Amino acid sequence: MANRIPEDAVEKARRAAERQKLTRHRGLATWGEKLVPLERFRKAVDEAGTALNPEERADARQEYRRPNSEGPAPEAEGPYRRIAVFGGVYNNHCALAALLEEAHRRDAEAVYCLGDLGGFGPHPEKVRPLLEQGAVKTLQGNYEESLASGREDCNCGYTDPRDNHFATLSYRYTEAHCSPEFKAWMGTLPRQRRVRVGSRELLLVHGSPRRINEFLFFSSAPAAYFETLLDQHRCDGLLCTHTGLHWHRRLPSGRDAVNVGVIGRPANDGDPRVWFSILEESRNGIDVELVPLAYDHQGLAEEMRREELPEEFVETILSGWWTTCLEVLPPRERAASKY
Amino acid sequence: MTEPSVRAAPGNDLPPPRVRLAALDTLWFQVAGTVCNLACNHCFISCSPTNRTHEMMSLAEVEGYLVEAVELGVKEYYFTGGEPFLNPAMEAILEATLAVGPANVLTNGLLLDSERCARLRALQDASEYSLDLRVSLDGFDAASNDPIRGEGSFERVLNGVRNLLAAGLNPVLTVTEVHGVSGTEAGKAKFFDLLRGLGADKPRLKVLPVFQIGSEAERGGAYESWQKLRAGEVADDGWEHLQCSSCRMVTDRGVWVCPILVNEPEGKMGETLSDTLGSYPLEHPACWTCHVYGVSCKT
Ligand code: SF4
Ligand code: SF4
């Protein structure tokens, strides 16, 4: 064709456009979709926003840390000398039975469960009589919330299609094998409790005091965050679960933040044992012990196979390593995992 | 102010809803200002080598804000730009941050040579908190990525990712939905495969929608006037999904409501974090994207 544009002209135009893209902001600032002289933007910025005077700033900071509910804190249960606390049963009735024995053996005066009764394991209905037998005081987790409100899936929303597949499978299984009465009971569970151990007042939650499904991992939840949270909630310690990984952080103020662990599946460390916590009054406040718990995990694995639950889940029970839904782990915890 | 940066919405004069800061969980730093070694044509804050709308931050500036952040109980720190590693103080800033909490860096991956990656690994190992790196890419291959992010960028990004992996750091690959296919199941599977091919045995991925502001407004079209939020559209306590209910953004020019509105003077709330603990009106059309897509810039 006679009037075809020569290729090097196209290339030249492309390069010119690229150059313009790289240099177009000289002396100019972006304001929304426009370019304006830098000074104009900066002047507008200097006039924008409300800068408080120093006293007002100090007040604002204090106000922010202030207890966030009016009036006295709700009555705390206890005081106890020693309590056992766990989370995440995930239908693991074998571990729950072992836990109740161990709590009794260790002379715990009260036993608390921080929620997530279902998912992952077999036969959800076997959990309920055990909770009653052990007089376990139970909180509502996000799983109970979903089941009680009749949600179609657990709403985990993973990026990896494989994770979503397994999360949905396990939710559907529990959903289908829970009686309406059990689900309704889940809906009546409290979301928080306050418990006294010795002179310390502890706040018990599932995820965090702010959100039932907030993940609090050791490497992603810093001391400063807990100090503020404990100020806001007027307590001396926070007990949570939800992530599946246990830890204890003694804060600079001498207070404690504890993820009590879960008994439904191992802690992604190559050991089939599961974890719970013992909190005990001590001379200088409180002692926190994270306790590994052995149970009949072979028996559970066989039961899971009979129920045709995914072999990936069975592998976790037997090997101690998580095989699915790892993307919620922060880099540090993820690096320590096998998959 | 004479520059109307928010388009008028004719026939709808209800006030915008206001979002309360429920808790200052996430603190962002525009640590490299708007300076970048790329000039991607979907960049919603239009960063480029010559964009000085915001300047680099110094270590001392960042440290001042960290002190205040600790007092307020901030949970996590995010660093962005521009390209954070253009800031010569970046590694010192990360060290200071990792002493008080977890740090996340949003990078384009171009400046991640193996020496730097080894130093980053050492910083991570010295802290009890996590250091997370997020590397941006916009296609499975050079043909789909480079027209957006710049010629040769695909190969250079892959190199950066390889170096991170070799140093034992496992980055999150971040892709926008600039190519529709990226957000689909098949698209995600392809990115996971790409990462595995680079040596990631535990591939990590985040998909983000695009904001129709900045360069993206020119590339993909700006907002329509109906794309605005109005009071009463959502219950007053229904804003948890918006990051402005739990974050603030620090730049060299003060503290802003969120990482998205830094090119709008209306997005600035004050000079210190304590200035910005109040509520913010959702007046900007970008707020519409946040609300409708439930966007969070966090990992
Ligand atoms: S999208 Fe990221 S890499 Fe691209 S120009 Fe903007 S800041 Fe730079
Ligand atoms: S752009 Fe999004 S995060 Fe920012 S103020 Fe609007 S709704 Fe909030």
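Here's what I pulled together on the structure shown here. Treat the numbers as computed from the prediction; the structure is a model and nothing was measured.

Thresholds, definitions, all that
Residues numbered from 1 in each chain as written. Chains lettered and ligands numbered in written order. Predicted model: local features only at pLDDT ≥ 70, side-chain atom pairs only at ≥ 80, totals over all residues. Heavy atoms only, no water. Helix = DSSP H or I, 4+ residues; strand = E, 2+ residues; numbered from the N terminus. Rg over C-alpha atoms; globule rule 2.2 N^0.38 Å. Contact = heavy atoms within 4.5 Å. Areas by Shrake-Rupley, 256 points an atom, 1.4 Å probe, with all protein chains shown as cover. Lys, Arg positive; Asp, Glu negative; His and termini not counted. Charge placed at Lys NZ, Arg CZ, Asp CG, Glu CD. Axes fitted to C-alpha atoms, helices over the stretch in contact; angles between N-to-C directions. Parallel < 35°, antiparallel > 145°, perpendicular 65-115°, else oblique. Left-handed = near helix turned anticlockwise from the far one by under 90°. Nonpolar A, V, L, I, M, F, W, Y, C, P; charged D, E, K, R; others polar. Buried area = accessible area lost by both parts, 1.4 Å probe. Salt bridge = Lys/Arg side-chain N within 4 Å of Asp/Glu carboxyl O. Near = heavy atom within 4 Å. 1 Å grid on protein atoms, 1.4 Å probe; cavity = no way out; pocket = protein on both sides within 12 Å on 5 of 7 lines; lining within 4 Å. Sits in = over half its atoms within 2 Å of the grid points. Buried < 20%, exposed > 50% of the residue type's maximum accessible area, 1.4 Å probe, protein only.

Here we look at the overall build of chain A
Step number 1: Assigned secondary structure in chain A consists of 12 helices and 13 strands.
Step number 2: Against the compact-globule benchmark of 20 Å for 339 residues, chain A has a radius of gyration of 27 Å, which places it well outside the compact range.
Step number 3: By principal-axis analysis of the C-alpha atoms, chain A measures approximately 90 × 65 × 35 Å.
Step number 4: Of the contacts made within chain A by residues no fewer than 6 positions apart, 68% connect residues no fewer than 24 positions apart.
Step number 5: Element-wise, carbon and sulfur atoms account for 49% of the exposed surface of chain A, whose accessible area totals about 15400 Å².
Step number 6: Looking at charge distribution, chain A has the averaged site of its 46 positive side-chain charges lying 7 Å from that of its 52 negative ones.

Structural notes on the packing of helix α2 (residues 90-98) of chain B against helix α3 (residues 114-125) of chain B
Residues and elements named next belong to chain B.
Step number 1: Two elements in contact, α2 and α3, have axes whose closest approach is 10 Å; the angle formed by their N-to-C orientations is 15°. The pairing of α2 with α3 is recorded here as roughly parallel in orientation. As for the relative orientation of α2 and α3, their crossing is right-handed in sense. Here Glu91, Leu94, Glu95 and Leu98 of α2 come into contact with α3, specifically with Arg116, Arg119, Leu120 and Leu123.
Step number 2: When grouped by side-chain class, the residues that make up the contact of α2 with α3 number four nonpolar, no polar and four charged.

As for the interface of chain A and chain B
Step number 1: Of the residues lining the interface, 61 residues belong to chain A; the matching set on chain B comes to 72 residues.
Step number 2: Contact between chain A and chain B buries roughly 5300 Å² in total, counting both sides, with carbon and sulfur atoms accounting for 50%.
Step number 3: Along the contact surface separating chain A from chain B lie eight salt bridges.
Step number 4: Sorting the residues of the side of chain A that touches chain B by element identifies α1 (7-23), β1 (28-31), β2 (34-37), α2 (38-47), α3 (54-65), α9 (223-232) and α12 (331-335) of chain A as the ones contributing at least two each.
Step number 5: Ranked by the residues each element gives to the side of chain A that touches chain B, the list is headed by α2 of chain A, at seven residues.
Step number 6: The residue makeup of the side of chain A that touches chain B, split by class, is 28 nonpolar, 11 polar and 22 charged.

Considerations on the site of ligand 1
Residue and element names in this part refer to chain B.
Step number 1: Residues in close proximity to ligand 1 include Cys36, Leu38, Ala39, Cys40, Cys43, Cys47, Gly82, Asn108 and Arg149, which together make up its full environment.
Step number 2: Here ligand 1 is seated within the largest cavity.
Step number 3: Along the lines of polarity and charge, the residues of the shell around ligand 1 split into six nonpolar, two polar and one charged.

Some points on the environment of phenylalanine 120 of chain A
All names here are of chain A.
Step number 1: Structurally, phenylalanine 120 is set in the loop between β5 (110-113) and α5 (127-133).
Step number 2: Judged by its relative accessible area of 8%, phenylalanine 120 is buried.
Step number 3: Placed 31 residues apart in sequence, phenylalanine 120 and valine 89 show a C-alpha to C-alpha distance of 9.2 Å.
Step number 4: Leaving out residues up to four positions away in the same chain, phenylalanine 120 has contacts with Tyr90, Ser170, Gly264, Arg265, Met304, Leu309, Phe313, Thr316 and Ile317.

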